[in-house]
Amino acid sequence: MGTEHSKNEGRRSMVFLRKSPKLPAWEDALLSGKEPKSLLKRGLRYVSLSLIMKGMTSTPDFLWGLPEVQKLNLSRNQLVVIPPSLGKLDRLVVLNLGGNCLKCLPKEIGLLRNLKVLFVNMNCLTEVPAELSLCRKLEVLSLSHNCISQLPLSFTDLTSLRKLNLSNNRFVQIPLCIFALRNLDFLHLGSNRLESIAESVQYLVNLQIFIIENNNVRTLPRSLCFVTTLELLNVDYNAIQTLPDDLYLLRRLPRIAWNPMDKGLHIAHNPLSRPLPEVIEGGLAILFNYLREKKDHN
């Protein structure tokens, strides 16, 4: 009896200890009695910290005491919120928050004045804080696979931005602020709810890759033909019936492309009016000749 009683008391004590740990299980496992700085990796260019796929539901407090970190990967966890303390990591150059459950970003993200690369793809964002536009060094931004329908007008200040991924969101039109981003060379707006492309697209004078596949776009604006830097134009899976006569000006498009990764003109799965489907089967050169001759006869 005495032995059995001792065993039961021991079990109750163990349960109590498990229910009241000093640290969350995953945080305790991360540190294992070590100093937080021991998790940092010092490369040739950056001091980095990777906490990918750690099952975290909140960020560890020790993180905000590591101001020297420049690359931080918190992707593929279960984070619901990023606290304002993020602003303490003002040396960050690369921040990956992809694959979490974030519904918003803290306005303190605007304190990350050295940030060049930001991934917040595959979350639950419905909006983006205007303070992000204070990150003037930002060059790469991925907000794909969220629930965003508009961007702050202050995004016009992100003049260093070169690559912007807004695919798989809820945009019904291309945000006007994007047309002020003259250094963009990559713009992905696939799988949204777009019905048109504004004539202002012509101001994206350095755009090389433009993807608007899987939308409801009915026509391509003539001004798009003046973005002569384009090397990949993907308008697959839209509602396009005709093509602008000046499309032949896009001379850097090398071919009619079928593989999603290939450069060229992607025009498949559109209700093109005849004879365009037959012309396209002959290749890009024949399509361009057809459009040029059509224009000359008009």
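Quick look at the structure, then. (Residues numbered from 1 in each chain as written. Predicted model: local features only at pLDDT ≥ 70, side-chain atom pairs only at ≥ 80, totals over all residues. Heavy atoms only, no water.)

With respect to the overall build of the protein chain
(1) Moving on: The secondary structure content of the protein chain amounts to four helices and 11 strands.
(2) Moving on: For a compact globule of 298 residues, the expected C-alpha radius of gyration is about 19 Å, and the protein chain comes in at 25 Å, more than 25% above that figure.
(3) Moving on: For the protein chain, buried positions account for 46% of its 298 residues.
(4) Moving on: Pairs at least 24 residues apart make up 32% of the contacts formed inside the protein chain by residues separated by at least 6 positions.
(5) Moving on: Of the roughly 15,600 Å² of accessible surface on the protein chain, a fraction of 52% belongs to carbon and sulfur atoms.
(6) Moving on: Averaging the locations of the 37 positively and 26 negatively charged side chains of the protein chain gives two centres separated by 7 Å. (Helix = DSSP H or I, 4+ residues; strand = E, 2+ residues; numbered from the N terminus. Rg over C-alpha atoms; globule rule 2.2 N^0.38 Å. Buried < 20%, exposed > 50% of the residue type's maximum accessible area, 1.4 Å probe, protein only. Contact = heavy atoms within 4.5 Å. Areas by Shrake-Rupley, 256 points an atom, 1.4 Å probe, with all protein chains shown as cover. Lys, Arg positive; Asp, Glu negative; His and termini not counted. Charge placed at Lys NZ, Arg CZ, Asp CG, Glu CD.)

Let's talk about the pattern of salt bridges
(1) Moving on: Enumeration over the complete set of coordinates arrives at 11 salt bridges.
(2) Moving on: Between Glu68 and Lys37 there is a salt bridge, and its shortest N-O distance comes to 3.6 Å. Within this pair, whereas Glu68 is found in the loop between strand E2 (47–50) and strand E3 (71–73), its partner Lys37 is found in the loop between helix H2 (25–31) and strand E1 (41–42), the two being separated by 31 residues in sequence.
(3) Moving on: Where Asp185 meets Arg162, a salt bridge forms, and the shortest distance between an N and an O atom there is 3.6 Å. (Salt bridge = Lys/Arg side-chain N within 4 Å of Asp/Glu carboxyl O.)

Topic: the nonpolar core
Burial of nonpolar side chains together is a common tendency in soluble globular proteins.
(1) Moving on: Membership of the largest hydrophobic core comes to 83 residues, with the highest contact counts inside it found for Leu151, Ile178, Phe210 and Leu287.
(2) Moving on: Residue assignment for this core shows that the elements contributing at least two residues are H2, E2, helix H3 (276–281) and helix H4 (284–297).
(3) Moving on: Grouped together as the second largest cluster of nonpolar side chains are five residues, Tyr46, Val93, Val94 and Val117 included. (Core = buried A, V, L, I, M, F, W, Y, C linked by side-chain atoms within 4.5 Å.)

Quick notes on the state of the cysteines
(1) Moving on: Here the structure, examined in full by the defined rule, presents zero disulfides.
(2) Moving on: In this structure Cys101 is not part of a disulfide, and its nearest cysteine sulfur, from Cys124, lies 5.6 Å away.
(3) Moving on: Free cysteine: Cys104, not disulfide-bonded; nearest cysteine sulfur from Cys124 at 11 Å. (Disulfide = S-S within 2.5 Å.)

Brief notes about the environment of Pro83
(1) Moving on: Note on placement: Pro83 falls in the loop between E3 and strand E4 (94–96).
(2) Moving on: What makes Pro83 partly exposed here is its relative accessible area of 21%.
(3) Moving on: Between the C-alpha atoms of Pro83 and Asp61, which are 22 residues apart in sequence, the distance is 9.9 Å.
(4) Moving on: Apart from the residues lying within four places of it in its own chain, the contact partners of Pro83 are Thr59, Trp64 and Pro106.

With respect to the side chain of Glu231
(1) Moving on: Relative to the helices and strands, Glu231 resides in the loop between strand E9 (209–211) and strand E10 (232–234).
(2) Moving on: According to the relative accessible area criterion, Glu231 is buried, its value standing at 17%.
(3) Moving on: Setting aside anything within four residues of it in sequence, one finds Glu231 in contact with Gln208, Arg252, Leu253, Pro254, Lys263 and Gly264.

Considering the packing of aromatic side chains
(1) Moving on: A complete count under the given rule lists zero aromatic pairs for this structure.
(2) Moving on: Positioned above the aromatic ring of Tyr248, the side-chain terminus of Arg292 is 4.6 Å from the ring centre. (Phe/Tyr/Trp six-rings, centres within 6.5 Å; stacked < 30°, edge-to-face > 60°. Lys NZ or Arg CZ within 6 Å of the ring centre and 35° of its normal.)

Section: the environment of Leu284
(1) Moving on: Secondary-structure assignment places Leu284 in helix H4.
(2) Moving on: In contact with Leu284, not counting residues within four places along its chain, are Leu253, Pro254, Arg255, Ile256 and Leu265.

Side note on the sheet that holds E10
(1) Moving on: Read across the sheet, 11 strands follow the order E1-E2-E3-E4-E5-E6-E7-E8-E9-E10-E11 without closing on themselves; strand pairing throughout is mixed. This sheet does not close on itself; its edge strands, each paired only once, are E1 and strand E11 (264–266).
(2) Moving on: By the bridge criterion, three bridges tie E9 to E10 in an arrangement that is parallel. The partner of Phe210 across the bridge, within E10, is Leu233. (Pairing = 2+ DSSP bridges.)

Some words on the side chain of His266
(1) Moving on: With respect to the helices and strands, His266 occurs in strand E11.
(2) Moving on: In terms of polar contacts, His266 uses its side chain to reach the backbone carbonyl oxygen of Asp262, at 2.8 Å. (Polar contact = N/O pair within 3.5 Å; in protein donor to acceptor, adjacent residues only side chain to side chain.)

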